Structures are given as C-alpha cells and as structure tokens.
Amino acid sequence: MNFQSVLLSKMAVAWVAIGLLAAAAAASGDFNKDFDITWGDGRAQIPSGGQLLTLSLDKTSGSGFRSKRQYLFGKIDMQLKLVPGNSAGTVTAYYLSSLGSAHDEIDFEFLGNLSGDPYILHTNVFTQGKGNREQQFYLWFDPTKDFHTYSILWNPQSIIFSVDGTPIREFKNLESKGVAFPKSQAMWLYSSLWNADDWATRGGLVKTDWSQAPFTASYRGFYDTQACVWSSGSSSCSSSSPSGNNSWLSQSLDATGQQRIKWVQKNYMIYNYCTDAKRFSQGFPPECSLS
C-alpha cells in the first residue's frame, strides 16, 4: 500500500469516527410516532419499542414507509444498514419528495450488487418535476455490516448530501442564474425497498436471485429536530428544534467541508451528469458551469 492509499484510509476513518460520534449524540425518534407504513402487506415491521424499523422484499412485493410530518427545509438524519449478501436487482430508496407532476425531490438510492461487489449510492435532485441530475458514488465502507448515517441538509442556500458526517454532494441555489431550486413545496420523507432488476445492477444485466429472499434493510436513529415542519394550510413553517437554534437554515460548507467533498468526489464518484458529454451533446445543464 502506497503513502497516498494509507493517507486516504486514515482520513476516511477519522471522518467516519466524527460522523458516528455526532450520530450517537443525536436523539432518536420513535418510528411508531414519526412514520406510517404505506405499503408491503406486513413486510415492514417496527420492533424494539419503535427504535428500529425493517423493510423486506420478496418475489411478491417490497415495502415502504412515509413520515407523518412534512418539511419545508431541514436537516434529516437516518441510520441505515443495507441488504447484505447478493443484493443484485434490489433498490433501497431514501428520499424527500412532494407530490404531483411538478414535484420536488431529493434522493438517496442504494443500488444492490452481487456479493463482494460494492453498492452504488445514487443521488438526484428534482425541481418542478425535472430530475436528470444524477451523481453516483461507491462508499468507503461496507454498508451492510453496520448502521451508517445518511443525511440531507436542505436550506434556502443549498442541498448537501452527507454520509457519516462527510459531505459527498452539494446542489446550490442558483435561481438568480435561472436554475430552479426546491423552496416552496413541502416534502415528506419516504423510504422503500423494491425490485428494480430491469435497470439497477449493471443496467439490468444482473437479475434478482429470489432464492436469497427475503431481502431486508434496517433503519434506526431518525433525527429531524433541526427542521421546519409544515403546518397544513399555513404559508410558513415552524422549527421543531427544542432549543430554537436555526443556524442550520444558513449553514453552508466551510473549508473543511469543501476539502471533504473534493476528496469523496475524486476518489469515490463513479458518475457525474455534469461530465456526460454523450448524454448532453447539445450542452450541459446550466448549473454544471455555475456551481
């Protein structure tokens, strides 16, 4: 192992440790109080007094849940442990979304793979029903061995995706430059486990091995106390933070955050729509040159 590899490994361990400490300090919610199981006919379960939630997928059906609350800006944390073993063909989705054809959406999707091959973390941002802003990453750990924290910070300035406290992607508010930004539609938090073997693994070449079913993903450590909870019929939102500290509403990446995101994108990004010249032969989306 060369010096650069050792350095990268040490940096990853340090940043994961920082993220796990932050997650441990966060209060966990009660899944029974915070979420509704929306589909799956019993395949979604909330054992352990509401501190754990599991989703299962078999050949008949997957499963999913949705938050009871809607959010208009917030910092949302969730700890996930993904489907282990041969997860090819499966997708575990964890995302914020509004409703309708002109919806806004902020996506984490975890694309399963054959045993021993890495998961692909797929991210996307939809504004007014338009997506096509995919960035994909490998992770610097095995996401099936233990729980890891996946966070969305959404405020009027930007959207920041983070893994164990390490930022991996930022989508800035560039409305002044003509780029739409999600700011007016309240969103629910959703998650689901489902079969997508027509596209999820190697473009659909690898199909789901149903002899491995049921496939199970686990959730814990939900944290939304730094968020604005939308009140139905109201044009404003109110902070759910007991301390009333809304500093996250103006939070952005500092110099350390910028360094971390560059490290992740240099070493673990495997697809960026902003560099796909074949796909955007008529010109890249405007945010690609502005951000």
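One can find the structure itself at the top, above this paragraph.
Undergrad: Report on the environment of Ile-46, specifying residues and quantitative values.
TA: Of note, Ile-46 is situated in the loop between strand S1 (35-39) and strand S2 (53-57). Taking relative accessible area as the criterion, Ile-46 reaches 22% and is therefore assigned partly exposed. As a C-alpha pair, Ile-46 and Tyr-219 span 173 residues in sequence and 9.5 Å in three-dimensional space.

Undergrad: I'd like to hear about the side chain of Ser-97, residue by residue, with values.
TA: In this structure, Ser-97 sits in strand S4 (residues 90-97). Ser-97 sits in the buried class, given a relative accessible area of 5%. Every residue in contact with Ser-97, bar those within four places of it in the chain, is listed here: His-103, Asp-104, Glu-105, Met-187, Trp-188 and Tyr-190.

Undergrad: Residues and numbers for the pattern of salt bridges, please.
TA: Throughout the structure, instances matching the rule amount to nine salt bridges. With a shortest N-O distance of 3.2 Å, Asp-34 and Arg-69 are connected by a salt bridge. Taken together, the residues Asp-34 in helix H2 (residues 31-34) and Arg-69 in strand S3 (residues 63-81) connect sequence positions 35 residues apart. Take Asp-34: its relative accessible area is 9%, and that puts it in the buried class.

Undergrad: Pulling in residues and values, what's your account of the packing of aromatic side chains?
TA: Taken as a whole and assessed by the stated rule, the structure comprises 20 aromatic pairs. With centroids separated by 5.4 Å and ring planes inclined at 65°, the aromatic side chains of Trp-263 and Tyr-268 adopt a geometry described as edge-to-face. An aromatic cluster is present here, built from Phe-31, Phe-35, Phe-65, Tyr-219 and Phe-222 joined pairwise through their rings. Seen from the ring of Trp-188, Arg-66 lies directly overhead, with NZ or CZ sitting 4.0 Å from the centre.

Cut-offs used in this document
Residues numbered from 1 in each chain as written. Predicted model: local features only at pLDDT ≥ 70, side-chain atom pairs only at ≥ 80, totals over all residues. Heavy atoms only, no water. Helix = DSSP H or I, 4+ residues; strand = E, 2+ residues; numbered from the N terminus. Buried < 20%, exposed > 50% of the residue type's maximum accessible area, 1.4 Å probe, protein only. Contact = heavy atoms within 4.5 Å. Salt bridge = Lys/Arg side-chain N within 4 Å of Asp/Glu carboxyl O. Phe/Tyr/Trp six-rings, centres within 6.5 Å; stacked < 30°, edge-to-face > 60°. Lys NZ or Arg CZ within 6 Å of the ring centre and 35° of its normal.

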